[in-house]
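# Descriptive analysis of the structure
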Amino acid sequence: MPDQIKTDCLIVGAGPVGLFAVFELGILGINAEVIDNLDKIGGQCAELYPDKPIYDIPGLPECTGQSLIDNLLKQIEPFKTNFHLNQRVDSIKKIDDQWLAVTSTGTEILTPNIFIAAKSIATNPNILDNSKPISDEKLDAAIIAPIIITDEMAFVTDIKGVCNEGVTLHTT
């Protein structure tokens with residue numbers, strides 16, 4: 001088994017929200033590792049509509065899904081982010097003041113912060129080991145919005161990252 005990876009923040013999801021999170025964290029000097037269950041970076045933009053015009057990106061009257069991803073990748077180049085593709089998070093376990101995320105391939109990432117920017121979280125709502133299961137209402141929120149996990153709280157955020165709701169995680 002490979003050595004445990006230590007990082008300031010784990011981002012689950014390599015779509016536009018995850019890539020922009022890498023940028024914002026990098027500006028603050030916070031390094032990140034990114035996990036995605038797809039075999040390439042870009043999420044739905046790259047997978048489902050790479051050539052389709054998108055009209056709702058702030059500051060861009062029109063772009064394609066792939067051009068959006070290409071620009072985000074260019075924007076995060078200075079941060080030398082590691083991507084773990086073809087992997088999903090199978091478990092998240094609290095260890096002291098850190099979270100240990102274990103992927104489907106056995107990769108272990110230890111971090112104090114997790115930013116979930118993935119719709120695939122909906123397919124495995126109970127990955128938070130020893131925690132209160134996510135209710136249907138919270139699951140709906142997880143499908144459409146990122147979740148930030150830090151210390152003992154999980155925050156469901158809106159698309160701009162503004163905290164909507166704090167959910168206490170019950171760990172042992």
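Residues numbered from 1 in each chain as written. Predicted model: local features only at pLDDT ≥ 70, side-chain atom pairs only at ≥ 80, totals over all residues. Heavy atoms only, no water.

### Quick notes on helix α3 (residues 65-76)
For α3, which comprises 12 residues, the first-to-last C-alpha distance of 17 Å matches the rise-based estimate of 16 Å (1.5 Å per residue) to within 8%. What α3 keeps buried is the set G65, L68, I69, L72 and I76. One face of α3 carries all of its buried residues, which in axial projection span an arc of 95°. Contacts from the buried residues of α3 go to α1 (16-27), α2 (43-47), β4 (53-54), β5 (63-64) and β6 (82-84). (Helix = DSSP H or I, 4+ residues; strand = E, 2+ residues; numbered from the N terminus. Expected span 1.5 Å × (residues − 1). Buried < 20%, exposed > 50% of the residue type's maximum accessible area, 1.4 Å probe, protein only. Arc of directions from axis to C-beta. Contact = heavy atoms within 4.5 Å.)

### Some details on unusual backbone geometry
With phi around 60°, N86 is a residue other than glycine that occupies positive phi space. Residue position: N86 is located in the loop between β6 and β7 (89-95). Even without a glycine there, the phi angle at D96 is positive, about 55°. A residue is classified by how much of its surface remains accessible, and D96, at 71% relative accessible area, is exposed.

### What to know about α1
Given a rise of 1.5 Å per residue, 12 residues ought to cover 16 Å, and the 17 Å separating the end C-alpha atoms of α1 matches this to within 8%. Here the buried face of α1 lies against β2 (9-12), β3 (32-35), α3, β6 and β10 (113-116). Once α1 ends, the next one or two residues include G29, with phi positive near 80°.

### Examining the sheet that holds strand β9 (residues 108-111)
Pairing within the open sheet is mixed, and its four strands lie in the order β1-β9-β8-β7. What marks the edges here is a single partner per strand, and that holds for β1 (5-6) and β7. Pairing of strand β8 (residues 98-103) with β9 involves four bridges; the strand directions are antiparallel. Directly across from W99, in β9, lies its bridge partner T111. (Pairing = 2+ DSSP bridges.)

### Observations concerning the side chain of D36
Tracing the backbone through its elements, the reader meets D36 in the loop between β3 and α2. Polar contacts involving the side chain of D36 include one to the main-chain amide nitrogen of L38, which spans 2.7 Å. In this structure, D36 is in contact with G13, A14, G15, H84, L85, N86 and Q87, ignoring residues within four places of it in sequence. (Polar contact = N/O pair within 3.5 Å; in protein donor to acceptor, adjacent residues only side chain to side chain.)

### Quick word on the confidence of the model for the protein
Taken over all residues, the pLDDT of the protein has a mean of 75, while the share at 70 or more is 67%. Confidence drops under pLDDT 50 across residues 121-146; counting only partners more than four residues distant or on other chains, this segment forms 42 contacts. (pLDDT = per-residue confidence, 0-100.)

### Re the packing of α1 against α3
α3 packs onto α1 with a crossing angle of 20° between their chain directions and a minimal axis gap of 9 Å. In terms of their interaxial angle, α1 and α3 are classed as roughly parallel. When you trace α1 past α3, the crossing you get is left-handed. Taking contact as the criterion, the partners of P16, L19, F20, V22 and F23 in α1 are, on α3, L68, I69, L72, L73, Q75 and I76. A class-by-class count of the residues in the contact of α1 with α3 yields 10 nonpolar, one polar and no charged. (Axes fitted to C-alpha atoms, helices over the stretch in contact; angles between N-to-C directions. Parallel < 35°, antiparallel > 145°, perpendicular 65-115°, else oblique. Left-handed = near helix turned anticlockwise from the far one by under 90°. Nonpolar A, V, L, I, M, F, W, Y, C, P; charged D, E, K, R; others polar.)

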